Amino acid sequence: MAAVATMQPILSALATMQSSNNASKTQAHAYLERFQKSADAWTSSFTLLQGDSDVQAKLFAATTLKGKIVFDFYQLPRESLPQLRDSILDLLRTYAKGPKPIRTQLCVCLANLAIQMLEWKNVLQTVVTALGSDSESIACVLEFIHVLPEEVTQGRKINLAEDELQQRTRELLEENAQQVLQLLTQYARSSPTAAQDPILMACLTSWVAEVQVNDVVNSPLMDVIMTAIQADTSFDEAVETLCALFRETRDVDESVATIKTLYPRLAALRPRIQACAEEEDWDTYKGITRVFAEAGEAWVVLIAREPQQFRPLVESVLECCARDKERDALSQTFNFWYELKQYITLERYMEARVQLNDIYSKLVDIMIGHLQFPTSETGNDTDLFDGDREAEDKFREFRHAMGDVLKDCCEVIGVTQCLEKSYVLVEAWVGRNGAQAQQGKVPAWQQLEAPLFSLRAMGRMVPKDENVMLPRLIPLIVQIPDHEKVRFQAVMALGRYTEWTSEHPETLQDQLNFIMAAFQHPSKEVVKAAALSFKFFCNDCAELLKGFMAQLQGFYEQVLDNLPPTSQEEVTEGVASMLAKQPLNVLFANFKLCCDPVVKRLMAMAQSANDKESQLAVADRLNLITIFIQWVTPYVDPREPSPAVQYCQEIFPVLTAIAERFVAFTPIIERVCRCWRYMVLSYRTHTAPLLPQLADKLVAGFSSSRQGCFLWATDSIVREFSDVSEIIPEATTTAIYKFYEQQATTFLRILNDLPPEELPDVIEDFFRLTTDVLLYHANSLLASPLMPSLLAAATTSLTLLKEEPLMATLHFLRDFLAYGQTSAPSSSFSPDDGTYSLRPNPAQTQASVIALATTSGEAITQRCLTGMMYSFPQDCFPDASGVLLALFQLMPEATAGWVEGTVNMLPEGSVSQQEKERLGRNIGQRVQMGEVRKVRSLLQDFTQSYRRRNVAPREGLGRLEQGRFRFEG
């Protein structure tokens, strides 16, 4: 009764987890997490498993026990381990009949105990002897055999030294491999039912990588596998086993004998392709396809070397593609066709390319056939998938993957032959159905749309000098009858051949007329396709079209307001690419011609934008101006005024007025700042006349809006105007630094008022900006009175969970600490010999960094270590450990003390005293031996091990919680 009473809080919490009360579930979840990490969980888990609780509670107990063995093994004295092993074996005997999930968890417990109990040498023999060999116990033995290799190979989650883990891997896997094969063979021979047992196949699959594959292939187990793949009960597991065997023979030179034995076995399965297709057993068909495809991938080098001998295998994969009416197994072959293409297009395998040419030719026909849309069962062409949107999305994605296979075919058999196949299909459709086609009513349109899609897919592979098929195809495409999906593919296909068109101007007029007419199509999808293709035509044929600026600008102005935002941007990009080709003497006039209507419409929209939807439309319209600025970047002598900047000066008051009016609406001010940023990036030092008013607006905007986009725009000015030259005087660079200090002071005040969790984007933009200022103005910034506050702000920012601001902050800290070394983290370019060299750091700069690090180093160490142990995303680990390494390089003894202090502040019970002492001892040895760089890996291993054991903080971080940031200034 006492045991039941002790378990009651746990059982109550588990029951609460099944309720619908979210608040109660949260409390229960927190309680159970604390329980799982407590020392009491060892005995409580056994109590639950040995009692009469429900299955859910027992499964929770088994899972908890697994976690304790994996993560909290240090909590047990070594002398108690045999008793723990015997208790788990007793539980396995109890749960031999199931439930299976509990039995599996207990097997995993035993496997992880075996890994860490180094003194337990005869693991397999002990388990077999203890569990027995009757039909019920053998299931436990097999399950243990199944999970053992996976647990051992994932042993990095266990806190063992590398040499101990390697030794244990050898003892548990390599030395037991032959015994496992004998056990599995004996079991397979014990009865016909055993030979088809799925767990037998699962065991083989998990041990294939640990045994000599030849030992399996030449043993009675190979017959068992081939028999199992014929049985429904074990088919899926047998497929996995065969595929595992194939993967182990990828090193074909080492596995020639094994492959020679396996190949006939595989060939014997080929009749099942046709049989499964005729029976419409598509699940089995998918498995058989996978077997042939994975064999092909594994032996692809042999196929390239001996194409005649392995041609039947390639033909089998082709047959799998051809008979797949459901198009469900087909995708499993795509990687095989790609890998084979990669080899046979090499010069040394030219013979294989010649011999397999006809197979790839047939593959083109098969793929184009599979590209066809289905025919609606209800006869409704507007809903071909009868309301199944998931199936429709899957098919669309699938088509693009088939398009990649067609590209592979182009490389093998040549572009012209592939294009000809599409041409023949289009021409054949015209001959059969062309006369019956009417507006919007096109018979058998699927047979026309598929080859058009194939033309679109193969467009990237077609060279500009293709003169055989495209001169025949293009005139055919522009006469395609009007059906929504057919017209869509025709327009998209033309957009893929614009580079070819730039070399064949005689075809441009008809194509452009066809695309421009599509802007009036009632289908929104066709209009979107037209906008995209128009962009490609203008981009690639700008030289041919630049003389028609006025006409195309008129068309642009006419269609712009009728397009969705994405299409507006695409059409604008097309017009901007033609504008970029205009001579300098007419550039300003043409800039006004194209942009003025956009600006006037923008002003009208801004005046009436009183709700969110209309304000978002203003933001979208602002982006069109930015596109012009991004694209129209003519070369102008640095000493001459730029006509593009002249136009930017003209529209600057408009952008300023919009930013001031909508300062509280983030999308608009982000677009305005983006526009200002690209003015600087596109026109560089030519924007100097804009700098005073631009800087004023950025300072005022950041102060009033507290949005990071103003810092983002500030960064572009810092990058462009911080190197003194004959064009940029020293007074300008000094003013730029003062400009930064204004922004930095505002940022620190904002961070003083608000917690970092509310400012992730501002923090990211600020520290990216500060990293650039550190690059160009290191001496000024490191001597600035703001620097201690900036380091405190960086330390506070490291409490965030979001990756981008963390990365920006860590990069800043790494660069800051690098200035404490003899060389700066940036290099200088020597125009005399064209080389880069490290710049020396002045002694004063080094001293400033060391002084600052002495003051802030402990807080930085705490935040980096705590983040690595608890909260940092995985991608932040290299930079966080890089910051710690930089501190060790600057002041090794002090940093070692900070690390020790931080580790000692960890919650009690979360790490053993032995681990703390081992970490401190190893760090001390590395520091004394001058091997500071090796400390980085020590800290990474320690923090990752700690994190695995303590996924969430145990009852809070305690003394490691970050204090509130304060700034007075």
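Calculation rules
Residues numbered from 1 in each chain as written. Predicted model: local features only at pLDDT ≥ 70, side-chain atom pairs only at ≥ 80, totals over all residues. Heavy atoms only, no water. UniProt positions renumbered as here; feature names shortened; annotations may be inferred. Helix = DSSP H or I, 4+ residues; strand = E, 2+ residues; numbered from the N terminus. Buried < 20%, exposed > 50% of the residue type's maximum accessible area, 1.4 Å probe, protein only. Contact = heavy atoms within 4.5 Å. Lys, Arg positive; Asp, Glu negative; His and termini not counted. Charge placed at Lys NZ, Arg CZ, Asp CG, Glu CD. Salt bridge = Lys/Arg side-chain N within 4 Å of Asp/Glu carboxyl O. Expected span 1.5 Å × (residues − 1). Axes fitted to C-alpha atoms, helices over the stretch in contact; angles between N-to-C directions. Parallel < 35°, antiparallel > 145°, perpendicular 65-115°, else oblique. Left-handed = near helix turned anticlockwise from the far one by under 90°. Nonpolar A, V, L, I, M, F, W, Y, C, P; charged D, E, K, R; others polar. Polar contact = N/O pair within 3.5 Å; in protein donor to acceptor, adjacent residues only side chain to side chain. Phe/Tyr/Trp six-rings, centres within 6.5 Å; stacked < 30°, edge-to-face > 60°. Patch = residues over 30% accessible without salt bridge, like charges linked within 9 Å, V, L, I, M, F, W, Y side chains within 5 Å. Areas by Shrake-Rupley, 256 points an atom, 1.4 Å probe, with all protein chains shown as cover. Disulfide = S-S within 2.5 Å.

An unreviewed UniProt entry annotates the chain as Importin N-terminal domain-containing protein of Cryoendolithus antarcticus. The UniProt entry for the chain carries this comment under Function (unreviewed entry): "tRNA nucleus export receptor which facilitates tRNA translocation across the nuclear pore complex. Involved in pre-tRNA splicing, probably by affecting the interaction of pre-tRNA with splicing endonuclease."

Caption draft 1: Looking closely at the overall build of the chain. Per the secondary structure count, the chain includes 50 helices and 2 strands. Projected onto its principal axes, the C-alpha positions of the chain cover 95 × 85 × 65 Å. Within the chain, the fraction of its 969 residues that count as buried is 53%. Counting only contacts in the chain whose residues sit at least 6 apart along the sequence, the fraction spanning at least 24 positions is 74%. A distance of 2 Å separates the average location of the 90 positive side-chain charges in the chain from that of its 122 negative side-chain charges.

Caption draft 2: Quick peek at the pattern of salt bridges. All told, the structure shown has 46 salt bridges when counted by the stated rule. Residue Glu-240 pairs with Arg-290 through a salt bridge whose shortest N-O separation is 2.8 Å. Within this pair, whereas Glu-240 is found in helix 15 (residues 235–247), its partner Arg-290 is found in helix 18 (residues 282–298), the two being separated by 50 residues in sequence. A relative accessible area of 33% means that Glu-240 is categorised as partly exposed. The partner of Asp-879 in a salt bridge is Arg-814, and the shortest N-O contact between them spans 2.9 Å. Of this pair, Asp-879 sits in helix 47 (residues 877–890) while Arg-814 sits in helix 45 (residues 803–818); the two residues are 65 residues apart in sequence, bridging distant segments of the chain. Among the residues examined, Asp-879 registers a relative accessible area of 10% and is labelled buried. Each member of the salt-bridge network shares a partner with another, and the members are Arg-270, Arg-311, Glu-315, Glu-319, Arg-323 and Asp-358.

Caption draft 3: Highlighting helix 47. Its 14 residues give helix 47 an end-to-end C-alpha distance of 20 Å, which sits within 8% of 20 Å, the value for a rise of 1.5 Å per residue. Across the 14 residues of helix 47, 12 count as buried, placing the element largely inside the fold. Restricting attention to buried positions, one finds in helix 47 the residues Phe-877, Asp-879, Ala-880, Ser-881, Gly-882, Val-883, Leu-884, Leu-885, Ala-886, Leu-887, Phe-888 and Leu-890. Where helix 47 is buried, its residues contact helix 45, helix 46 (843–871), helix 48 (892–904), helix 49 (913–928) and helix 50 (933–949).

Caption draft 4: Local environment of the packing of helix 28 (residues 484–495) against helix 30 (residues 508–518). Following both chains from N to C, one finds helix 28 and helix 30 inclined at 135°, their axes separated by 10 Å at the closest point. Compared by their axis directions, helix 28 and helix 30 come out oblique. In this structure, the crossing between helix 28 and helix 30 has a hand that is left-handed. For the pair formed by helix 28 and helix 30, the contact residues are Arg-487, Ala-490, Val-491 and Leu-494 on the first element and Gln-511, Phe-514, Ile-515, Ala-517 and Ala-518 on the second. When the residues that make up the contact of helix 28 with helix 30 are grouped by side-chain class, the tally is 7 nonpolar, 1 polar and 1 charged.

Caption draft 5: Fine view of the side chain of Ser-502. The residue Ser-502 is located in helix 29 (residues 498–502) in this model. Within the structure, the side chain of Ser-502 is placed 2.5 Å from the backbone oxygen of Glu-499, a separation counted as a polar contact.

Caption draft 6: Quick look at the packing of aromatic side chains. Within the structure shown, the criterion is met by 29 aromatic pairs. For the ring pair Phe-812 and Phe-816, a centre distance of 6.5 Å and an interplane angle of 25° mean the geometry is stacked. In this pair, Phe-812 and Phe-816 are both assigned in helix 45, 4 residues apart and thus about one turn of the helix distant. Phe-816 matches Phe-812 in its accessibility class, with the two residues each being buried. Members of the aromatic cluster, joined through ring pairs, are Tyr-737, Tyr-740, Phe-747, Phe-766, Phe-767, Phe-812 and Phe-816.

Caption draft 7: Molecular detail of the UniProt feature "domain: Importin N-terminal" (unreviewed entry) in the chain. Within the UniProt annotation, "domain: Importin N-terminal" (unreviewed entry) is assigned to residues 28–94. Between the end C-alpha atoms of residues 28–94 there is a gap of 29 Å, over a span that is 76% helix and 0% strand.

Caption draft 8: Broad picture of helix 18. Between its first and last C-alpha, helix 18 extends 24 Å over 17 residues, near the 24 Å set by a 1.5 Å rise per residue. Summarising burial for helix 18: 15 of the 17 residues are buried, a large majority.

Caption draft 9: Just the environment of Ala-744, in detail. You can see Ala-744 is positioned in helix 41 (residues 730–753). For Ala-744 and Thr-501, which are 243 residues apart along the polypeptide, the C-alpha to C-alpha distance reads 52 Å. What Ala-744 contacts, discounting residues up to four positions off in sequence, is Phe-766 and Leu-786.

Caption draft 10: Geometry of a negative patch on the surface. Judged by side-chain charge, Asp-386, Asp-388, Glu-390, Asp-393 and Glu-397 come together as a negatively charged surface patch. The residue Glu-390 is located in helix 24 (residues 389–413) in this model. Accessibility expressed as a relative area gives 67% for Glu-390, which makes it exposed.

Caption draft 11: Molecular detail of the state of the cysteines. Scanning the model with the defined rule gives 0 disulfides in all. Cysteine Cys-409 is unpaired, with the sulfur of Cys-418 as its nearest cysteine sulfur at 5.8 Å. Exposure remark for Cys-409: the relative accessible area of 0% places this residue in the buried category.

Caption draft 12: Just the packing of helix 17 (residues 271–279) against helix 18, in detail. At a minimum axis separation of 8 Å, helix 17 and helix 18 run at an interaxial angle of 155°. The angle between helix 17 and helix 18 falls in the class roughly antiparallel. Helix 17 and helix 18 meet at a crossing whose hand is left-handed. Across the interface between the two elements, Arg-272, Ile-273, Cys-276 and Ala-277 of helix 17 pack against Trp-282, Thr-284, Tyr-285, Ile-288 and Phe-292 of helix 18. Residue composition of the contact of helix 17 with helix 18, grouped by class: 7 nonpolar, 1 polar and 1 charged.

Caption draft 13: Fine view of unusual backbone geometry. Residue Pro-99 follows Gly-98 across a cis peptide bond; omega there is 0°. For Pro-99, the location among the structural elements is in the loop between helix 5 (81–94) and helix 6 (100–116). A positive phi angle, near 50°, is found at Ala-444, a position not held by glycine. Relative to the elements of secondary structure, Ala-444 occurs in the loop between helix 25 (415–433) and helix 26 (446–458). On the accessibility criterion, Ala-444 (31% relative accessible area) is partly exposed. We note that Arg-706 has phi near 60°; this positive angle belongs to a residue other than glycine.

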